[in-house]
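Read off the chains here:
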Amino acid sequence: MTPEPPYRFDQTHMAADVVAAFDSLEPGAESGQSVSVAGRVMLHRHQGKLDFAELRDSSGAVQLFAGTGWTGAFDGFTALSLGDWVGATGEVVRTRRGELSVKVADWVLLAESRRGFGDKWKGVTDVDTRYRQREVDLWANEDSRRTLLARSRLVSETRRFLEERRFIEVETPTFHPVVGGADARPFVTHHNSLDVDLYLRIEEEIYLKRLVVGGVERVFEIGRVFRNEGLSPRHNPEFTMLELYQAYADYTDMMAISEELVAHLAQELTGGTVVEYAGRPVDLTPPWRRAPMAELIEESIGRPADLSCDLEDLRRVASDHEVPFEARWGPGKLMLEIYEKTTETNLWDPVFVCDYPQEVSPLARVHRSRPGYVERFEGVVVGRELCNAFSELTDPDDQRTRFEAQVQEKLAAGNSDARVDEDYLRALENGLPPTGGLGMGIDRLVMLLTGAQSIRDVIAFPTLRPEAGRP
RNA sequence: GGGGGCGUAGGUCAGUGGUAGACCAGCGGACUUUUAAUCCGUGUGUCGAGGGUUCGAUCCCCUCCGCCCCCA
């Protein structure tokens, strides 16, 4: 019979604190000080009238040392299973073999682990189990705990970094009446009492820029966005995006803040700005290379593929490089596809890929000196997009024209959800000052700085096929 | 949707055309300073599911399911 567990337990020390505070205790010595610790039993060694257990809490681990001569309910203690939660009180001692220990006088079972234990040496390696039962993964695998903590620190440091620069954090709606400006399929849901369909947001930018119109000159949001697309090691249908908007700034300011933020986070999390990913060094030290997309494509494939080429040239380049394309695509879309298929994945060290075709960038302002292009960049690291930024389009008439073209394009692509966002156009008519905007994928940033190969390793509960549905 | 890989005990993994093994965990026992403790004893299972070939299938073949990776 298992007694009812207590409702609370007074913990005086974390395991790591005990180990640190009594560092100087000699082997065989007793401190005379009693502590109470709590956590899970991770290893257990019974030896006749003695019993040793490794107790782990969120700070680390400390050994529990029980014996018939000093431990209440000793037989019960020896019967503890791996994974059981225990609270224990006793004097801090160091054993003759030198292990700092709590010499257990009293102890209490806080919860049983009824469902077996992973391999105590290898943990749990089955990826399906690790993702479906993250609670098991977390207590069995040190790497999993480290990643979770790194993510928490990264988000926390990001807030601090931005707040120090006078950015204000806000929360904008997750339900959008109109699909946003990014190029992604939305999830659709329905509000019963309003009897309207709503879309889960695919980005945060529209509402954030409306706040800039309202006078919030530096604003950011760290929030969940949703894209109804496939799963892959780099894509989860819901993921976390940082977006920030800064009045009176342009995309060059966004480059500066991007590289400073990433370098700062790398420093905080890894102790330096050169990190290792997939066995290769990545130098995140600012300043990052800045190069027009057209230049990078030509570097990669040895011939130009940009808006100075005519449509037939671009189609030929696409064909030569096995880039599939559709007849209705204009030169800008072709150029972007060629870039993505031939160039992007080869960019290892960070580079700001600048000056996108206007055709594929409905929310970015036209380039001040390069016709056909907009002032937009993506920060690419280890061959992946990490962030995306513009000098924001502020002209309501131009914005309307772009939205209408985008809606036509989406309808042509079979997307019946496309509509012009009249609310946003009305907001622009109230005046958006020159503004720089930046979006950064938090999940991919955590991957980069923790070495994770899959986005599922940095999301506590990634999207999975439901287990139910088996016959 | 196409290609490749994987699926064996609670965990980590071997293995064979003659219905299965190791270690750990579990259970019983010994042990007063252990460190993945050790030692003795002990049980593990629809070998992912279904069908086929075969005297006989966990193994070979087919279909399906699930997971991972690559591609679209």
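Above this text you will find the structure in question.
These remarks concern the structure in this document. (Residues numbered from 1 in each chain as written. Chains lettered and ligands numbered in written order. Predicted model: local features only at pLDDT ≥ 70, side-chain atom pairs only at ≥ 80, totals over all residues. Heavy atoms only, no water.)

### As for the protein's contact with RNA strand B
For step 1, the next point in the chain: With respect to spatial proximity, 31 residues lie near RNA strand B, and among them Arg-45, Thr-95, Arg-97, Asp-119 and Arg-456 are the closest.
For step 2, the next point in the chain: Residue Arg-96 places a main-chain N or O atom 3.2 Å away from a base oxygen belonging to RNA strand B.
For step 3, the next point in the chain: Between RNA strand B and Asp-126 there is a distance of 3.3 Å, counted from a phosphate oxygen to a backbone nitrogen or oxygen.
For step 4, the next point in the chain: Taken together, the elements giving at least two residues each to the surface near RNA strand B come down to β1 (30-47), β2 (50-57), β3 (60-67) and α3 (127-132).
For step 5, the next point in the chain: Looking at the surface near RNA strand B element by element, the count peaks at 5 residues for β1.
For step 6, the next point in the chain: Here the surface near RNA strand B is built from residues that sort into 8 nonpolar, 9 polar and 14 charged. (Near = heavy atom within 4 Å. Polar contact = N/O pair within 3.5 Å; in protein donor to acceptor, adjacent residues only side chain to side chain. Helix = DSSP H or I, 4+ residues; strand = E, 2+ residues; numbered from the N terminus. Nonpolar A, V, L, I, M, F, W, Y, C, P; charged D, E, K, R; others polar.)

### A look at the sheet that holds β2
For step 1, the next point in the chain: Read once around its circumference, the closed barrel built from 5 strands follows the order β1-β2-β3-β5-β4, with strand pairing classed as mixed. Taking the axes of each pair of neighbouring strands and ignoring which way they run, one obtains an average angle of 50° across the sheet.
For step 2, the next point in the chain: Inspection of the sheet shows β2 paired to β3 by 8 bridges, in the antiparallel sense. Bridge pairing in β3 places Asp-51 opposite Ala-66. (Pairing = 2+ DSSP bridges. Axes fitted to C-alpha atoms, helices over the stretch in contact; angles between N-to-C directions.)

### Remarks on the pattern of salt bridges
For step 1, the next point in the chain: In the structure shown here, the tally under the stated rule is 37 salt bridges.
For step 2, the next point in the chain: Between Asp-250 and Arg-368 there is a salt bridge whose closest N-O contact spans 2.8 Å. In this pair, Asp-250 is assigned in the loop between β11 (238-247) and α7 (251-270) and Arg-368 in the loop between β15 (351-354) and β16 (376-381), connecting sequence segments 118 residues apart.
For step 3, the next point in the chain: On the basis of relative accessibility, which here comes to 16%, the residue Asp-250 falls in the buried class.
For step 4, the next point in the chain: When salt bridges with common partners are traced through the structure, they connect Arg-130, Arg-134, Asp-137 and Asp-457 into a single cluster. (Salt bridge = Lys/Arg side-chain N within 4 Å of Asp/Glu carboxyl O. Buried < 20%, exposed > 50% of the residue type's maximum accessible area, 1.4 Å probe, protein only.)

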